[in-house]
Amino acid sequence: MNQIHPLAVVDPEAKLGDGNVIGPFCVIDKNVVIGDNNTFLNSVTIHYGARIGNNNEFFPGASISTKPQDLKFQGEDTTCEIGDNNSIRENVTISRGTASKGKTVVGNGNLLMENMHIAHDCVIGNGCIIGNSTKFAGEVVVDDFAIISAEVLVHQFNNIGGFVMIQGGTRTSQDIPPYVIAGKEPVRFAGVNLIGLRRRGFSNETIEMIHDAYRIIYAQGILKDGIAEARTIYPDSKEVEYICSFFEKSKRGVIR
């Protein structure tokens, strides 16, 4: 049974699962689908096109599935999909998709801190921590277990690899590859994320292999030569293959 505060507004066309708690001054629009056991504290707005899973917590002022901040948007029927077990803090804003991809996606088990923004057609993986006032422009992709500190600005179409640590206040218009620390001004590679990888259970041998792969790739004047050499030395490593594939797929260039 859902608990809906009498001062909340829930459109009769919204579809709600079971066990949800909807606090005062919340507004839930039509064409919204919500799973089970979600908590919406006061003054949360869930706009048209939201698709929300289970066991999420939304804090006051959060605004989910907002109209995209994109002048090309013509009112097409798009969605904003939120997975399970996310903590979405105060004043977080997440736009729904545009015709480009049709949806904005946030995975499972993420912590989105106060006042951060996820623009249209972004894809956020699982287990990410994203700091206060960080802003993602449109169609940014963030892989699993990334840690992105406060007030980071990410250019549209950028990709951020998994298991990274990005320094607070960083601005990036290039892709940030997996397993690294990124920071300074202008942003650049600042080493392998040793502490983060150890916390995630990576062995010392695997961490050393990741470190060596970056040494090989960055040492070459031509990146494709470094990628080929890293693959030759570590042909069976899924971590090295992830790094090499990330570089090859990059369209905006990768930080160095």
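Thresholds, definitions, all that
- Residues numbered from 1 in each chain as written.
- Predicted model: local features only at pLDDT ≥ 70, side-chain atom pairs only at ≥ 80, totals over all residues.
- Heavy atoms only, no water.
- Core = buried A, V, L, I, M, F, W, Y, C linked by side-chain atoms within 4.5 Å.
- Buried < 20%, exposed > 50% of the residue type's maximum accessible area, 1.4 Å probe, protein only.
- Helix = DSSP H or I, 4+ residues; strand = E, 2+ residues; numbered from the N terminus.
- Contact = heavy atoms within 4.5 Å.
- Pairing = 2+ DSSP bridges.

(A) How the structure looks around the nonpolar core. Among the nonpolar cores identified, the biggest contains 64 residues, and Ile94 and Phe136 are the most heavily contacted of them. Breaking this core down by element, the ones donating at least two residues are strand E9 (50–52), strand E12 (79–82), strand E27 (180–183), helix H2 (204–219), helix H3 (223–233) and helix H4 (238–249). Top element by residues in this core is H2. It accounts for eight residues. Phe136 has contacts with Met116, His117, Ile118, Ala119, Cys122, Ile124, Ile130, Val142, Ile148, Val154 and Ile160, leaving out every residue within four places of it along the chain.

(B) Representation of the pairing of strand E28 (residues 188–192) in the model. Taken together, the three bridges between E27 and E28 define a ladder with antiparallel strand orientation. Residue pairing across strands places Gly183 opposite Arg188, the latter belonging to E28. Linkage of E27 to E28, two consecutive antiparallel strands, is achieved through a turn of four residues, within which Lys184 is found at a positive phi near 70 degrees.

(C) Broad picture of the sheet that holds strand E14 (residues 93–95). Taking strand neighbours across the sheet as the criterion, the nine strands line up as E2-E5-E8-E11-E14-E17-E20-E23-E26 in an open arrangement whose pairing is parallel. At either end of the open sheet lies a strand with only one pairing partner, and these are strand E2 (9–10) and strand E26 (171–172).

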